[in-house]
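What follows is the residue order along each chain.
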Amino acid sequence: MTKQLPLGIRLRDHATFDNFFIADNRQLVVTLQQAAAFEGGDTAALYIWGGAGSGKSHLLQAACHRATVADEFAGYLPLRDHKMFTPELLEGMESLALVCLDDIEAIAGQREWEEAIFHLYNRMQRNGTQLIVAANAAPQGVALSLADLVTRLGWGLVFQLNELNDEQKLLALQARAEAIGMQMNNDVARYLFSRARRDMHSLFSLLEALDHATLVAQRRLTIPFLKAFLARDQVTSD
Amino acid sequence: MALSLWKKCLNHLESELSAQQFNTWIRPLHAVETESAIRILAPNRFVLDWVNERFLEQISQILNRYNEAPEALSISFEIGTKRSQDNLVERPRIPDKIEKKQENRFSPRSAGIDINHVSSLQPGFTFEAFVEGKSNQLARAAAAQVAENPGGAYNPLYIYGGSGLGKTHLMHAIGNSIIANNPKSRVVYIHSERFVGDMVRGLQHNAINDFKRYYRSVDALLIDDIQFFAGKERSQEEFFHTFNALLEGQKQVIMTCDRYPKEVGGLEERLKSRFGWGLTAAIEPPELETSVAILISKAAQSRVELAHEVAFFIAKRIRSNVRELEGAIRRVIATSRFTGQEITVDFTKEALKDLLALQDKLVTIENIQKTVADYYKIRVADLLSKRRSRSVARPRQVAMALSKELTSHSLPEIGDAFGGRDHTTVLHGCRKVKELKESDLRINEDYANLLRTLTT
């Protein structure tokens, strides 16, 4: 029997503030929202830090989305990919209304990048461009070698993005499932939760794989289906 | 209103590209549309090339598909910005966008007073707003002298010190004061990187003489962070001549740097020695009392009356520089406004948690096992063994519960790490510890101690 292929074009679920699970991060999210909507008048840089899977990239991309809604230009620069780029990527970026630098720790210790970001920061200050930076640690904890850059990053508003606890992760997982049109009841969610890695990256990519698998198999997501899926997954990943 | 062609194209692309591709490469693009043509602008050469190579064909196809006009659409793609198109640049300056031939500040052909000098001074950086203390009083006094008598005895004035201590503030304060005393003075503040950039553009556009005329016709040149001249020989050469011309004409030069002239690496000797000709003044990190005064003054600017004990609390924890003090007070005030709470020491402690916590310790299962074994004075091997006596089983359950709480590992992974146990054993262990924490004070205390050891 041939398997049914899922539809070629699925509506992609883009990162917005609406589909971010806020939990204990209300002040941070509201502040980002205001900055990305250019409300409030304060253009101090924002710096958010947290562990992997805490949602930093989601928030930065949501901010870019929000800026577009406000009819402004924004750019999201993933510095974890910096090996594919050169610091020239930062030139002229101050002409945008919002620039988001993700994973700044990835360029720590690389003088050329650090200086380029420092100069971009100064140009943005002059132009009144909003900057949002994300990292895995507070400004002093990222191993940047350019003190001028470190003190500037600590000058604006610094927020830690609190990671979700298990209960919140469970709710976030179910909310995400619902957003992509999947039914995931409590039992299934708990079953998944007690067997899978519980960081949000793993959970969301597992969810995507499950979404695909249920579509291909034309089955609902049940515990037996999940069990078989995880067993198969285990075999493939081994 | 009907969506513009570009907006339709964006909506389409948003559904076809990954979120990251779209946010990184497409969102920064700007489009200028006329009836039969569309000019797409990228902020720099890198984005232009990247998009050209990977997305331009797709973009063209989509645009042509949505084009309802009878004639074919002409699509061009170049470097440029929304602001340069709207002419929204706040001040006239040499354009970053090199191909746009607009009139820039170097264009007047005659030297001297016809040139439109742009001061770039920040009006908020005044002597009144500068908080004086032991750490900066010499530099402040020197700055005040220069402001009173520009081009006089203290020329050049060289202010140096660590990052975020107020060098730039003092420099702007001098500039603002000179203009206040004599509104016709031509004062120009510039960051050394921009001086270099302007010079490069001057060379590229055959306008180096305009560049020279511009900088040599000021009454006071304020040049920030000269350490960024390091290794840039052509810029140093140019600055050297500008510097000499200004000093000869008894015009004031003020420089800031992160270190003493002789210690700046990558700088020509003749420059280093000349920088020390006038007055050299250092700014040190603020001592406690100055930090407190800075915090109270900053808070007052935001119309917040900061209690002394709160200011002391912050100042004791953030000692290194003024910028971080300002970041801290900014955060405290923002959180107070957000939550509607009063600013007390306890509140401040909580609000600054994010800033003061340096890095989450990376907690691994191995780390947990070792810490727990040490705590209960057993061996890690015991935790992993098959032994089920209470003296080993309880610590093992505690370690499992901690692993669940502090790491993202799945229960089967945790089970594996504890000598290949089943995930139901882990689940049982976690439940047991949860129960015991409520009924057994000692377990509760052990757990709290271990949690603290592992996370701080």
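Residues numbered from 1 in each chain as written. Chains lettered and ligands numbered in written order. Predicted model: local features only at pLDDT ≥ 70, side-chain atom pairs only at ≥ 80, totals over all residues. Heavy atoms only, no water.

**As for the overall build of chain A**
Looking only at helices and strands, chain A features 8 helices and 5 strands. Seen in sequence order, chain A has helices and strands lined up from the N terminus as α-β-α-β-β-α-β-α-β-α-α-α-α. Scored against the burial criterion, the 238 residues of chain A give a buried share of 56%. In chain A, the proportion of contacts linking residues at least 24 apart, taken out of those at least 6 apart, comes to 73%. For chain A, the distance from the average position of its 22 positive side-chain charges to the average position of its 28 negative side-chain charges is 9 Å. (Helix = DSSP H or I, 4+ residues; strand = E, 2+ residues; numbered from the N terminus. Buried < 20%, exposed > 50% of the residue type's maximum accessible area, 1.4 Å probe, protein only. Contact = heavy atoms within 4.5 Å. Lys, Arg positive; Asp, Glu negative; His and termini not counted. Charge placed at Lys NZ, Arg CZ, Asp CG, Glu CD.)

**Some thoughts on the packing of aromatic side chains**
What the rule picks out here adds up to 21 aromatic pairs over all chains. Geometrically, the ring pair formed by B:Tyr158 and B:Phe275 is tilted, given 6.2 Å between the ring centres and 35° between the ring planes. Of this pair, B:Tyr158 sits in strand E4 (residues 157–161) while B:Phe275 sits in helix H11 (residues 269–275), placing them 117 residues apart in sequence. Taking the relative accessible area as the measure of exposure, B:Phe275 reaches 1% and is therefore buried. When the ring centre of A:Tyr191 is taken as reference, the NZ or CZ atom of A:Arg195 above it lies at 3.7 Å. The cationic tip of B:Arg270 hangs over the ring face of B:Phe240; the distance from NZ or CZ to the ring centre is 3.9 Å. (Phe/Tyr/Trp six-rings, centres within 6.5 Å; stacked < 30°, edge-to-face > 60°. Lys NZ or Arg CZ within 6 Å of the ring centre and 35° of its normal.)

**Quick word on the interface of chain A and chain B**
Listed by partner, the interface residues are 67 residues for chain A and 63 residues for chain B. Roughly 5900 Å² of surface becomes buried between chain A and chain B when both sides are summed, with 51% attributable to carbon and sulfur atoms. Our count for the chain A to chain B interface comes out at 4 salt bridges. One salt bridge in this structure joins A:Arg123 and B:Glu193, with 3.7 Å as the shortest N-O distance. Where chain A packs against chain B, one counts 29 residue pairs in polar contact (both at pLDDT 80 or more). At the level of secondary structure, the elements contributing two or more residues to the side of chain A that touches chain B comprise helix H1 (26–36), helix H2 (56–69), strand E2 (74–78), helix H3 (111–127), helix H4 (147–153), strand E5 (157–160) and helix H5 (166–179) of chain A. Counting residues per element, the side of chain A that touches chain B draws most heavily on H3(A), at 7 residues. Taken together, the residues that form the side of chain A that touches chain B break down as 27 nonpolar, 20 polar and 20 charged. (Buried area = accessible area lost by both parts, 1.4 Å probe. Salt bridge = Lys/Arg side-chain N within 4 Å of Asp/Glu carboxyl O. Polar contact = N/O pair within 3.5 Å; in protein donor to acceptor, adjacent residues only side chain to side chain. Nonpolar A, V, L, I, M, F, W, Y, C, P; charged D, E, K, R; others polar.)

**Here's the deal with the sheet that holds strand E2 (residues 37–42) of chain B**
All names here are of chain B. One open sheet accounts for 3 strands, arranged E1-E2-E3; its pairing is mixed. At either margin of the open sheet sits one strand with a lone partner, and together these are strand E1 (30–33) and strand E3 (74–79). This sheet shows a mean twist of 20° between the axes of neighbouring strands, independent of strand direction. (Pairing = 2+ DSSP bridges. Axes fitted to C-alpha atoms, helices over the stretch in contact; angles between N-to-C directions.)

**A look at the environment of A:Ala172**
Residue and element names in this part refer to chain A. Structurally, Ala172 can be placed in helix H5. Judged by relative accessible area, Ala172 falls into the buried class, the value being 5%. Put simply, Ala172 and Ala217 are 45 residues apart on the chain and 25 Å apart in space, counted from C-alpha to C-alpha. If sequence neighbours within four positions are ignored, Ala172 has contacts with Phe21, Leu164, Met200 and Phe204.

**What to know about the pairing of E2(A)**
Two faces, one strand: in a regular strand the side chains alternate between the faces of the sheet. Residues and elements named next belong to chain A. With 5 of its 5 residues buried, E2 lies for the most part within the structure. Here E2 shows a buried face lined by Ala74, Tyr76 and Pro78 and a second buried face lined by Gly75 and Leu77. The pairing of E2 with strand E3 (residues 98–102) spans 5 bridges and is parallel. Counted as the bridge partner of Ala74 is Leu98 from E3.

**A short note on the pattern of salt bridges**
Going through the model one piece at a time under the given rule, you end up with 32 salt bridges over all chains. B:Lys404 serves as the salt-bridge partner of A:Asp166, at 3.1 Å between the closest nitrogen and oxygen. With A:Asp166 in helix H5 and B:Lys404 in helix H19 (residues 390–406), this residue pair bridges two chains. A salt bridge links B:Lys251 to B:Asp219; the shortest N-O distance between them is 3.3 Å. Highlighted residues: B:Lys251 in the loop between helix H10 (233–248) and strand E7 (252–257) and B:Asp219 in the loop between helix H9 (208–216) and strand E6 (220–224), separated in sequence by 32 residues. On the basis of relative accessible area, B:Lys251 is assigned to the partly exposed category, the value being 27%. Taken together, the shared-partner salt bridges connect A:Arg80, A:Asp102 and A:Asp103 into one network.

**Topic: the confidence of the model for chain A**
All names here are of chain A. On average, residues of chain A carry a pLDDT of 88, and 92% of them reach 70 or more. The secondary-structure element of chain A with the lowest mean pLDDT is helix H8 (residues 223–237), recorded at 80, while E3 shows the highest, at 98. Low confidence marks residues 1–12, where pLDDT is under 50. Its contacts with residues over four positions away, or in another chain, come to 12 contacts. (pLDDT = per-residue confidence, 0-100.)

**A few points about the confidence of the model for chain B**
Residues and elements named next belong to chain B. Mean pLDDT over chain B stands at 88; residues scoring 70 or higher make up 91%. Low pLDDT, under 50, characterises residues 87–113; the stretch is placed with 66 contacts to residues that sit more than four places away or in other chains. With pTM at 0.81, the complex prediction returns an ipTM value of 0.89.

**Here's the deal with the sheet that holds E6(B)**
Residues and elements named next belong to chain B. Pairing is parallel in the open sheet, where 5 strands are placed in the order E5-E6-E7-E4-E8. Of all the strands in the sheet, the pair left with one neighbour each is strand E5 (187–191) and strand E8 (279–283). For this sheet, the mean inter-axis angle between neighbouring strands, taken without regard to orientation, is 15°. Sheet topology note: the E6/E7 ladder contains 4 bridges and is parallel.

**Description of the pairing of strand E1 (residues 46–49) of chain A**
All names here are of chain A. Judged by which residues are buried, E1 turns out to be covered on both faces: Leu46 and Ile48 on one side and Tyr47 and Trp49 on the other are all buried. Bridge count between E1 and strand E4 (residues 130–135): 4 bridges; the pairing is parallel. Bridge pairing links Leu46 to Ile132 in E4. Here 4 bridges tie E1 to E5, and the two strands are oriented parallel to one another. Note that in E5 the partner of Ile48 across the bridge is Phe159.

**Quick look at helix H13 (residues 308–317) of chain B**
Taken together, the buried positions of H13(B) are B:Val310, B:Ala311, B:Phe313, B:Ile314 and B:Ala315. At its buried positions, H13(B) is contacted by helix H12 (288–301), helix H14 (322–339) and helix H15 (345–351) of chain B.

**Digging into the nonpolar core**
Counting residues in each nonpolar core, the largest one holds 88 residues, and the members touching the most others are B:Trp6, B:Leu29, B:Ile59 and B:Ile314. Looking at which element gives the most residues to this core, the answer is H3(A), with 7 residues. Aside from chain neighbours lying at most four places away, what touches B:Ile314 is B:Leu295, B:Leu325, B:Ala328, B:Ile329, B:Val332, B:Thr348 and B:Leu352. Judged by nonpolar contacts, the second largest core, of 30 residues, contains B:Tyr158, B:Val196, B:Leu221 and B:Ile226. (Core = buried A, V, L, I, M, F, W, Y, C linked by side-chain atoms within 4.5 Å.)

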